[in-house]
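Structure assessment
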Amino acid sequence: MMPDLLDWDRAHLWHPYTSLTTPAPTRLVTAASGARLEIDGREAIDAMSSWWATIHGYRHPVLDDAVRRQLADFSHVMFGGLTHEPAVRLGQQLVELTGLPHVFFADSGSVSVEVAMKMAMQARPGRRRFLTVRGGYHGDTFDAMSVCDPEGGMHTLWSGVLPDQVFGPRPPAVGEPIEEWVSAMRALAAEHASGIAGLIVEPLLQGAGGMHPYPAECLTVFREIADEHDLVLVFDEIATGFGRTGHLFAMDAAEVKPDILCLGKALTGGYMSLAAVLCTSEVADRIEPGGVLMHGPTFMANPLACAVASASIDLLLSNDWQATITRINERLTPGLAAAAARPGVLGVRTIGAVGVIQLDHAVDVAVATDAALAAGVWLRPFRDLIYTMPPYICTDDEIDTICAAMLAAAEVA
Ligand code: PMP
């Protein structure tokens, strides 16, 4: 049975960023509970939170119950001309948490970035480009790809197809001086302002573009630049939202509010795909004279997803999430420190519940993954990075096991 599944999978199913004809190894998950996955019949701690989403772990009784209760009512209805309590309730929670009054529910992170960019362009008619920074990642759809890092992203494959955006330097690392970066950003904004609708960034932590935390002062600089040139400031908090960086939202680190905010991933506790785009009244008001926001996916505001998202937010806020993230950080930081002195390691860093070992060469992903699994942990390194974003429910012992597995992976990779 199991070999059959894997054989059929290998012959027919595309997996992310891999060849269909010579795919990277794929393993079978047969169960998932708490912070653990059963992979190829063996238990492993999920140090990835299924790409940073399952913050409360798998099969959480509160979240399971929220889905079951909504399933007993209805699992889906169209959002055109209809609404429902799960959407309204989730909208109320997000408006209250973010202070942004208008909400668009999209069906994935990338789509929410598309919607955010449409919003910005419709709110600044005649301006078509975006200012961003190197090292970003915003998704795999076309407009989202256009603001991903041009080197690490997919620009080469799509040159001539992607809209041409304006890239400033990557924000400095925490502890580095920021003045030169600030001048470069200001100069670029001044040079291109008349054609730029918005400034889009991942606040505080660049994720898939390099797991790069940067100083909170940079967020204030983004806000100032946007205000100076009437740019719509878009914060993509799809990866950073819901406590991951030690702040409920990364923007809280500098108390800076964007004009548009994208949320996703951990929004539903990782139970299913849902994203939200929130915006100010100013953005909403400036869209309308030229028409209405032209977007409306089939599964917009899916009731199951909205219901589980509401339950996930309640669960997060009813716990001392800040103490939890501090606890994890205080375990990850010493746990990974030993890697810094190892040969082949360029650096080690943590922010909130994120721990990163950066090598001075590309990771051999297959070898690193095997080593981590042998140590009882599921890791999915990329480029030169071995990292963890564990579920918040991980115990101290589980965090220690993750650190040991990351060190083992770094050793062989
Ligand atoms: N923005 C950021 C910051 C992300 O990390 C991701 C996903 N890694 C996306 C957008 C795209 O989200 P999705 O994969 O749900 O389309």
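Owing to the predicted nature of the structure, the values given are computational and were not obtained by experimental measurement. (Residues numbered from 1 in each chain as written. Predicted model: local features only at pLDDT ≥ 70, side-chain atom pairs only at ≥ 80, totals over all residues. Heavy atoms only, no water.)

To continue, consider the sheet that holds strand β14 (residues 354-359). Strand order in this open sheet of 3 strands is β13-β14-β16, and the pairing throughout is antiparallel. Sheet topology places β13 (345-351) and β16 (385-388) at the edges, where each strand pairs with a single neighbour. For this sheet the average axis-to-axis angle between neighbouring strands, irrespective of direction, equals 10°. Inspection of the sheet shows β14 paired to β16 by 4 bridges, in the antiparallel sense. In the sheet register, Gly355 faces β16, and the bridge partner there is Thr388. Sheet strands touched by helix α11 (residues 321-337): β13, β14 and β16. Its angle to β13, the strand with the most contacts, is close to 170°. (Pairing = 2+ DSSP bridges. Helix = DSSP H or I, 4+ residues; strand = E, 2+ residues; numbered from the N terminus. Axes fitted to C-alpha atoms, helices over the stretch in contact; angles between N-to-C directions. Contact = heavy atoms within 4.5 Å.)

Turning our eyes to something else, we now look at the packing of α11 against helix α13 (residues 396-412). Between α11 and α13, the least distance of the axes is 9 Å, while the angle of their chain directions is 30°. With respect to α13, the element α11 is oriented roughly parallel. Crossing of α11 over α13 shows right-handed handedness. Only Asp396, Ile399, Asp400, Cys403, Met406 and Leu407 of α13 make contact with α11, whose side of the interface consists of Arg327, Ile328, Arg331, Leu332, Gly335 and Leu336. (Parallel < 35°, antiparallel > 145°, perpendicular 65-115°, else oblique. Left-handed = near helix turned anticlockwise from the far one by under 90°.)

With that settled, consider the packing of helix α3 (residues 61-73) against helix α10 (residues 303-318). Close contact between α3 and α10 brings their axes to 9 Å; oriented N to C, the two are set at 150°. Between α3 and α10, the crossing angle belongs to the class labelled roughly antiparallel. For the element pair α3 and α10, the recorded crossing hand is right-handed. Across the interface between the two elements, Val62, Leu63, Ala66, Val67, Gln70 and Leu71 from α3 touch Pro303, Leu304, Ala307, Val308, Ala311, Ser312 and Leu315 from α10.

Taken together, Trp52, Ser108, Gly109, Ser110, Tyr137, His138, Gly139, Glu202, Asp236, Ile238, Ala239 and Lys265 are the residues near the ligand. Contacts to the ligand include Gly109, whose backbone N or O atom sits 2.9 Å from an oxygen atom. Between Lys265 and the ligand, the recorded distance is 3.0 Å, taken from a side-chain N or O atom to a nitrogen atom. Compared with its free state, where it exposes 390 Å², the ligand has 81% of that area covered by protein. Residues of the shell around the ligand, tallied by class, amount to 4 nonpolar, 5 polar and 3 charged. (Near = heavy atom within 4 Å. Polar contact = N/O pair within 3.5 Å; in protein donor to acceptor, adjacent residues only side chain to side chain. Areas by Shrake-Rupley, 256 points an atom, 1.4 Å probe, with all protein chains shown as cover. Nonpolar A, V, L, I, M, F, W, Y, C, P; charged D, E, K, R; others polar.)

Right, let's get into the sheet that holds strand β12 (residues 275-279). Pairing is mixed in the open sheet, where 7 strands are placed in the order β4-β12-β11-β10-β7-β5-β6. Looking at the sheet topology across the chains shown, the edges are occupied by β4 (102-106) and β6 (166-168). With strand direction ignored, the average angle separating the axes of adjacent strands in the sheet is 20°. Pairing of strand β10 (residues 232-236) with strand β11 (residues 260-263), which is carried by 3 bridges, proceeds in the parallel orientation. The partner of Val234 across the bridge, within β11, is Ile260.

Let's shift gears to unusual backbone geometry. With a phi close to 55°, Trp51 is a non-glycine residue in the positive phi region. Its location among the elements puts Trp51 in helix α2 (residues 49-52). Positive phi values are uncommon outside glycine, yet Leu204 reaches one of about 70°.

If you look at the biggest cluster of nonpolar residues, it comprises 124 residues, and the most contacted ones within it are Leu94, Leu131, Phe222, Phe242, Ile260, Ile357 and Ile386. Tallying contributions element by element places helix α5 (residues 109-123) first for this core, with 9 residues. Setting aside residues up to four positions removed in sequence, Ile386 forms contacts with Gly355, Val356, Ile357, Leu359, Val363, Leu379, Pro381, Met406, Ala409, Ala410 and Ala413. (Core = buried A, V, L, I, M, F, W, Y, C linked by side-chain atoms within 4.5 Å. Buried < 20%, exposed > 50% of the residue type's maximum accessible area, 1.4 Å probe, protein only.)

As a further point, take the pairing of strand β2 (residues 36-39). The two faces of a sheet get side chains in turn, since along a regular strand they alternate between them. Alternating positions in β2 separate cleanly, Leu37 and Ile39 being buried on one face and Arg36 and Glu38 remaining unburied on the opposite face. Here strand β1 (residues 29-33) runs beside β2; their pairing, made up of 4 bridges, is antiparallel. Counterpart to Ala31 in the pairing with β2 is Glu38. A loop of 2 residues connects β1 with β2, the two strands running antiparallel in sequence, and Gly34 in this loop sits at a positive phi of about 60°. One ladder, built from 4 bridges, connects β2 with strand β3 (residues 42-46); its direction is antiparallel. Directly across from Leu37, in β3, lies its bridge partner Ala44. The turn joining β2 and β3, which pair antiparallel and follow one another in sequence, is formed by 2 residues; a positive phi near 50° is taken by Asp40.

Pairing of β3 with strand β15 (residues 377-378), which is carried by 2 bridges, proceeds in the parallel orientation. By the bridge assignment, Asp46 is partnered in β15 with Trp378.

Another point: the domain arrangement of the chain. For the chain, the assigned domains are domain 1 (2-59 + 320-412) and domain 2 (74-318). Taken over C-alpha atoms, the centre of domain 1 sits 26 Å from the centre of domain 2. On the domain 2 side, the residues contacting the 28 residues of domain 1 number 30 residues. Between domain 1 and domain 2 the total buried area reaches about 2400 Å² when both faces are included, carbon and sulfur atoms providing 63% of it. It is Trp52, Trp321 and Ile351 in domain 1 that bury the most area against domain 2; as a group they hold 29% of the surface buried on that side. Residues that form the side of domain 1 that touches domain 2 fall into these classes: 18 nonpolar, 6 polar and 4 charged. (Domains from an automatic or database assignment. Buried area = accessible area lost by both parts, 1.4 Å probe.)

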